[in-house]
Amino acid sequence: MEKIILTGDRPTGRLHIGHYVGSLRKRVQLQNDGDYDKMFIMIADAQALTDNFDNPSKVRNNIIEIALDYLSVGLDPLKTTIFIQSQVPELTELTFYYMNLVTISRLQRNPTVKAEIQMRDFETSIPTGFLCYPISQAADITAFKANFVPVGEDQLPMIEQTKEIVRKFNSIYDNVLIEPDAILSDNSSCLRLPGTDGKAKMSKSLNNCIYLSDESDTIKNKILNMYTDPLHIQVSDPGHIEGNTVFTYLDAFCKDEDFGEFMPEYTNLDELKEHYKKGGLGDMKVKRFLNSIIQKELLPIREKRKELEQNTDIIFEMLKNGTIDARKVAASTLREVKEAMKINYFEHNKIIF
Ligand code: ATP
Ligand code: MG
C-alpha cells in the first residue's frame, strides 16, 4: 500500500514550538528521509473559520505566516504538496456527505472539541460548523487517502472519528476510503507541549506561546519568566520536575551534546534533574540553559524566514500550484465516493439510472 501523509495547521497565528516538537519536526524528518509516497500539508482556513468566522482578516493574513513558517523549518514544496483547504471545494462536498454518518451526540462527546468549546465560551451557543469540524477533518484526511497523520495528542479524537466514518462509509457504500493512523512523537513531552504559563497546551489562541519567529530577546524574556515549581523558593530547596514547564521543555529539546556546549558541569539531563530534585540548583540557571538550547534551534529558522519574507510572491505561487495539485487528488476521491453513493448521474455524458 502507498504511504500517504496528510497533516495541517489552522491559520490562526504564527506557528510555535509546540507545533514544532508535536508535528513539524516529524514532518521534515519524514520528508527528508523520503520514506513516503506522497505528503500533503494543508493550511486549514475553512476549519479556522469555524471559530473565527467573525474575524476573516485574521484567517486570511495568517495564511502567509503559516506558509513562511513551513518553509523556514525546511518543508520543501518540491517534495511536499502545500495547499489551502478552502480552495479545494471537494473537501466541503465530502464533509456534507459524511455528516450523515455521524450523530450529534458523538460529536459532543469528542474530548478535544469539548475542551475547545469551554475555552472559547461556546457552551451556550456552539456554532454548528465548529461542532462539525471533526467531520471536515475526516474529509481532509480521506480525500487524499492518507494513511499516516503526524499530529499532537489533541488530534487523536479526530483520527478516531475519521476511522469510524471510514468504516461506516465502506460498510454501507463501497470500499473506497482508507483508515488513517496518527503518528505521534515518541517523546511524551512533545505530545502536548504546555504553554509558557504552565497551565494549558501551548496554543495560538491562548497567548502562551514561544513562536518560531520570535526575536531572540522575546524568547529570552518568555523563558526567564516561565512557570517552574512553586515550592522551589530558595535555591537550596528540593525541586520538583513533574509539572515543571522548564523541565518539560528540556525533555522536548535538550540533547546530551547541549551540555558540552552550554553546561559542561553535567553530562546529561538526568544528572541535572537529580541535582534539581536534591536542592541547590537555581531556576535561573536552568532557564538560562534552556534559553541557550532554544535560541540555537530557532536561530536558523528565524533567519531563513527573514530571507523568505523578502519575496512572498513566490510563496503565493507555491500555494497556488500546491492547491491545484491537491484538488486533482481530492476530485478523484470525490468521484469514487459519489459513485459508491450512487449519485454519479451524469458521468460519461449520459444519465445512468
Ligand atoms: P488553535 O489555538 O487555533 O487551535 P493550535 O496552537 O492548537 O491553534 P493547530 O493549528 O490547532 O494549533 O494545530 C496544528 C498541529 O499542531 C496539530 O497536529 C496539533 O496536534 C499540533 N499541536 C498544536 N499545539 C501543540 C502543542 N502544544 N504540543 C504538541 N502539538 C501541538
Ligand atoms: Mg488547535
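Here the structure is shown first, and the text comes after it.
Description of the structure in this document. (Residues numbered from 1 in each chain as written. Chains lettered and ligands numbered in written order. Predicted model: local features only at pLDDT ≥ 70, side-chain atom pairs only at ≥ 80, totals over all residues. Heavy atoms only, no water.)

Examining the side chain of Thr245
The following threshold applies: For the purposes of this entry, the term helix denotes a DSSP run of H or I that reaches at least four residues, the term strand denotes a run of E that reaches at least two, and both are numbered from the N terminus. Buried means the residue's accessible area, taken with a 1.4 Å probe over protein chains only, is under 20% of the maximum for its type, while exposed means over 50%, and partly exposed covers the values in between.
Along the chain, the position of Thr245 falls in helix α11 (residues 245–253). Under the relative-accessibility criterion, Thr245 is labelled buried at 1%.

Observations concerning the nonpolar core
Heads up, the rule is: In these notes, a set of buried Ala, Val, Leu, Ile, Met, Phe, Trp, Tyr and Cys residues joined through side-chain atoms within 4.5 Å is what counts as a nonpolar core. Two residues qualify as a contact provided that any one of their heavy atoms is within 4.5 Å of a heavy atom in the partner residue.
Counting residues in each nonpolar core, the largest one holds 60 residues, and the members touching the most others are Ile17, Tyr70, Leu212, Tyr249, Leu250, Leu272 and Ile294. Beyond its immediate sequence surroundings of up to four residues, Tyr70 is in contact with Gly8, Asp9, Leu15, Leu24, Arg27, Ile41, Met42, Ile43, Leu75 and Ile82. Leu91, Tyr97, Phe144 and Ala340 belong to the second-largest nonpolar core, a separate cluster that totals 43 residues.

So, unusual backbone geometry
Positioned with a positive phi, Lys145 is a non-glycine residue whose angle comes to about 55°. Along the polypeptide, Lys145 turns up in the loop between α8 (133–143) and β4 (148–150). At Asn207, a residue that is not glycine, the phi angle is positive and equals roughly 60°. Tracing the chain through its elements places Asn207 in the loop between β5 (181–183) and α10 (216–224). The class of Asn207 is exposed, set by a relative accessible area of 72%.

A look at the side chain of Glu297
Worth spelling out the cut-off: Between N or O atoms, a polar contact is any pair within 3.5 Å; within protein, one atom must be a potential hydrogen donor and the other a potential acceptor, and residues adjacent in sequence are included only when both atoms are from side chains.
With respect to the helices and strands, Glu297 occurs in helix α14 (residues 283–309). A distance of 2.8 Å separates the side chain of Glu297 from the side chain of Tyr20, its partner in a polar contact. Apart from the residues within four sequence positions on either side, Glu297 is in contact with Tyr20, Phe253 and Lys255.

Let's talk about the pairing of strand β3 (residues 81–84)
Put simply, side chains in a regular strand alternate between the two faces of the sheet. Counted only if it meets this: Being paired, for any two strands, means DSSP has found at least two bridges between them.
Covered by surrounding structure in β3 are Thr81 and Phe83 together with Ile82 and Ile84, the residues of both alternating faces. Two elements, strand β2 (residues 38–43) and β3, share 4 bridges in a ladder whose sense is parallel. Looking at β3, one finds that Ile41 is bridged to Ile82.

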